[in-house]
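# Per-entry structural report
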Amino acid sequence: MIEPNTADANAADMLRHTVRHLTHLLPAQGPIGVFVHHNTLHAFQHMPFEQAVVEAAKTFGTEPYLSEAAYLRDLERGRIRPEDLDFVLNREEDAVVLKGRLNRRALRGALLQRGLRPISAESVEWALEEGGLLDRYRVDLTAEARSLLRDGAPESDEAESVRKQFQVCRTLVCEQRGAPSEPPLRPRDGLKTATGVDLDDVIHPLLIRLCAVFLDQGQAYWPMPGRDAGLLAASQLVISSGGVFPEYLAGLDSEMARQMRQQVSAEQVIEDTLSIFGVPIEEAEPFLKAELLALPAWPGMINQLELRPELAEHEQVPASVMEYLALRLTLNKVAAANVSRRFNLGLLAIAWRRTNGHGRRYGEDLASAARLMDVAQLVGLSAADLSALDTRSVARLVREVEIFDDLERRRLYHLAYERRHEILVLSPLAKHARRPRRRDGRPAAQVFFCVDDRAESMRRHLEEIDPAVETFGAVGFFGAVIDYTGLDDAVGSPLCPVVAKPQHAVIERPNQAHEQLHETRVVRRKLWSHLARGGFMSSRMLVRGWLSASVLGLMSLFPLTARVLAPRTYGKLRKKLNAAFLPQPRTEIVFMRGDEEGKEAARGLYLGFTVAERVAVATDVLAPAGLIDRFARIVVILGHGSTSLNNPLESAYNCGACGGRRGGPNARVFAALANQPEVRAGLLDKAIRIPDDTWFVGGYHDTCTDEIELFDLDQTPPSHKMDLERIQKSLEKTRALDAHERLRRFELGEECDTPELALRHVEERAEHLSEPRPEYGHCTNAVCVIGKRSLTRGLFLDRRTFLTSYDAAIDPEDDYLTALLGAAIPVCGGINLEYYFSCIDNEGYGCGTKLPHNVVSLLGVMNGHASDLRTGLSSQMIEIHEPVRLLCVVETTPERLIRAVKRNPVVTELVENSWVRVVAIDSETGVMHAYRDGKFELYDEPDVELPRAETSVEWYRGKSEHLPIARIEQGMDLVSSPMEAHSA
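Conventions used here
Throughout this document, residue positions are counted from 1 along each chain, in the order its sequence is written. For this predicted model, a pLDDT threshold of at least 70 governs which residues receive local features, and a threshold of 80 or more governs which side-chain atom pairs are given and counted, while totals over whole chains, interfaces and linings are taken from all residues. Values reported for side chains reflect all heavy atoms of the structure, with hydrogen atoms and water molecules removed beforehand. Put simply, two rings from Phe, Tyr or Trp (the six-membered ring, in Trp's case) pair if the centres are within 6.5 Å, and we call them stacked under 30 degrees between planes, edge-to-face over 60, tilted for the rest. Secondary structure follows DSSP: runs of H or I at least 4 residues long count as helices, runs of E at least 2 residues long count as strands, and numbering of each begins at the N terminus. Relative accessibility under 20% of the residue-type maximum defines a buried residue, over 50% an exposed one, and the middle range a partly exposed one, all with a 1.4 Å probe and only protein chains included. Counted as over-ring charges are cases with an Arg CZ or a Lys NZ within 6 Å of the ring centre that also lie within 35 degrees of the ring normal. Cysteine sulfur pairs qualify as disulfides if the two atoms are within 2.5 Å. Salt bridge, as applied in this entry: a Lys or Arg side-chain nitrogen positioned within 4 Å of an Asp or Glu carboxyl oxygen. Helix span, expected: 1.5 Å multiplied by one less than the number of residues in the helix. Any two residues whose heavy atoms approach within 4.5 Å are treated as being in contact.

## Here we look at the packing of aromatic side chains
As enumerated under the stated definition, the model contains 17 aromatic pairs in all. Between the aromatic rings of Phe277 and Trp352, the centroid separation amounts to 6.2 Å while the plane-to-plane angle is 80°, which identifies the pairing as edge-to-face. Note that Phe277 is positioned in the loop between α13 (266–276) and α14 (284–292) and Trp352 in the loop between α17 (348–351) and α18 (362–379), a separation of 75 residues in sequence. Trp352 matches Phe277 in its accessibility class, with the two residues each being buried. Cluster of aromatic residues (ring-pair linked, three or more members): Phe49, Tyr836, Phe837, Tyr845 and Trp915. Over the ring of Tyr417 we find Arg79; its NZ or CZ atom is 4.0 Å from the centre of that ring.

Laid out in structure tokens, this is it:
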């Protein structure tokens, strides 16, 4: 006999295991301050993509693909072509439908080419009686097909022929008695069916408020009492003190007081509630899953803060999904009991399982008949043809129609949609790869950008402006996994991928000559913070609130008017005033330590890097890119981020490789260590030789304003003054051209004909108080190229491509490729998949429009004053996006590529399950092999034109749509030129 305490322990263990397993279904988005793109369906990543999106759609009630109408529009405008549908169908299994007359591929091809009419069980009766569904043939049928369908009857009898055909189809559709509906999974579903009362409407307003104040990071005026003890205990303390509750939550204070008095754990609360609802612990998973997913983003945030409490930037709280679930079930239990008593439903364990189940609806039979008739018309089967079919043929035909439902048609449309995208990318790329290439002399300068797709246009314009400049792409934290504390930061922040944990702290401090200026700055910052705090507090008091509202409200009228009418001018004025009031001292970064120095006691981090660690950082960036010699005199390392006003999702535009923060400090650290003689000496052991006359400069690119800032210019040797001026002037022109190219997507930027006006416009967008889309971010991402710049240099890639520098010739063991794939595929693939799913179903996977969003708890946004946290991307971020899976093109052989893929389990999962599409390219011949169905296949290259233009501006001017790849003649090849030939 099992002892009671042992049984309780087993039940608790089972419950903990179940809840931990279910948390994988919750959104994995962290606080908005560190928004990092990731695969929205990470919980389904172990499945093949096509299976996963369907399973996720069933689980979350979302869409797996675009609507059929959207794909039909793409077919009509040529974005999908008939040959794409043929290619997809030829890879599908074939079968005989009507012997000697029709097979599966032919049937599906006919249906996909013309599309079925939208027919649903809910609308078919109206369509039959009022909508004229049977009054006419499909207008897209050929005259021959119309004649066949009339069975020789004159055209005047068309309507009668169609009605006869429909009657035959209705007879052929098997009449089925539907089984009763599945029993409800949640009390909410059963009780709503029986009473009309929605428990979610009862409990969610209170549950949302409790979660918000518990997780609050400084927005709430008063902190939640007792939140150090956890969500459940704090909620018990608050609610048990009494209050006015809605009708169906009467007695909640007594229940909370009982739990607090008896000191029951969260596990005990859940077990007791399951018992009251009549759910055995071993059968609890579907029940708990449905409850968690009823309001998924709040427990998702709690789960993130439970796993990584450091994400709470201001105040860490003891977050627990188990406690959230206990609180939710307590509210459910009280509300369900009240509803059950109110409607005399009896025992709660039985009452909520009642459901008005019914069988197959009449409308579903009519819809099936209408679909069969639509199919018959498209393939030319008249009423007589249908009537003449034997029983087995009828069964096969009806089954083929049923299994080729809306979901299956959309799946095939989507594969064809992606097939056309492959052709539009791979064929021009192959042609470009076969061109003769020039590489003449030492570059005038070299610039490292992040692999970010937004850097593609920057690199292209820079190479057009100065063809003697060479550009590279590296992951934006530039090998420096650091915890960074800036001059004005109270605490450090990790600047690295979220999967990495910094072991090294880097600190910014004023240099010795500016220490007094820094002290002045600190004093003034404290004074300003006291004034701001006083104003904040006064506005919330009875008398001072009235006075401050009157005085400060009037005073704020003038800056508010200026901000609205002249946002750019106001922004510049504000910066000047800030600079005058808070002088900026020159600073230096502390990033060096000796081998004998240990970790800080406070944070457990090493303060800086040893020489060996600095050498490793430099090697991880330079070697994979193939930059082991041929260094220019000036090498610029540009991190990136984004700055805009009134944009809660601003961190989503920052550098994902830096944990959703700005990558300027990483670039500055890398440049500083690469300039050190001891690091260069250590690099010689790695076969990397940096000449004595090469100087590295760190910098930062703001992708919203296109501002570029270079760091520590006062340390640049006088001998490099002309080199530095040359690259600075080129970068200044580049950022204006980049703004000009970005503006072609914005309707309000149509009048900005010159790069200078375009630059003013994007600077104004960033400062505009009501601008919902200060920049489009990654909204056009679709491709990742891992290879030498010569493979893509001179191509207009429309800001749609992540560019990662890689030279397979110096990587015989594929170690660098393995590392690059381990970063590029999860990071770029995560960005791509979040945009994909937010575009496919913006309400289900995204966060809808920004307009009703309110910031809550400084952690996220919600609609209005009370809703679930909105995860994913807003409609303003994805409105011009094409949802295709990332196409990753790697410059290597298929054998080497698959070997590198299989070394990393995460990369293997994404590639094998087709979450990303992978292609190997031979850089000399342009021959490609695409990875499909578990093996590489020779890519059959269709003949696609590769248009030419002299400059990028010539190619994109006056166009706002996605543009095909084009060859840009100016700057296509790296050439050397004397410095004096460079025009200012």
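On we go.
## What to know about the state of the cysteines
Here the structure, examined in full by the defined rule, presents zero disulfides. No disulfide involves Cys655; its sulfur sits 3.6 Å from that of Cys658, the nearest cysteine. Residue Cys655 is classed as buried on the basis of its relative accessible area of 1%.

## As for the pattern of salt bridges
Scanning all chains against the criterion turns up 76 salt bridges. One salt bridge in this structure joins Glu678 and Arg614, with 3.5 Å as the shortest N-O distance. Of this pair, Glu678 sits in helix α28 (residues 677–684) while Arg614 is found in helix α26 (residues 611–622), placing the two residues 64 residues apart along the sequence. A relative accessible area of 3% means that Arg614 is categorised as buried. Ionic pairing is found between Arg799 and Asp738, a salt bridge with its closest N-O pair at 3.3 Å. Of this pair, Arg799 sits in the loop between β14 (795–796) and β15 (801–805) while Asp738 sits in helix α29 (residues 721–742), and the two are 61 residues apart along the sequence. Classification of Arg799 as buried rests on a relative accessible area of 13%. Several salt bridges converge on common partners, so that one network encompasses Arg186, Arg188, Asp189, Lys192, Asp198, Asp200, Glu291 and Arg328.

## As for α26
Spanning twelve residues, α26 covers 16 Å between terminal C-alpha atoms, matching the ideal 16 Å at 1.5 Å per step. Looking at α26, one finds that the buried residues are Arg614, Val615, Val617, Ala618, Thr619, Val621 and Leu622. Buried-residue contacts for α26 involve β3 (445–450), β4 (469–474), α27 (664–674), α28 and α31 (815–840).

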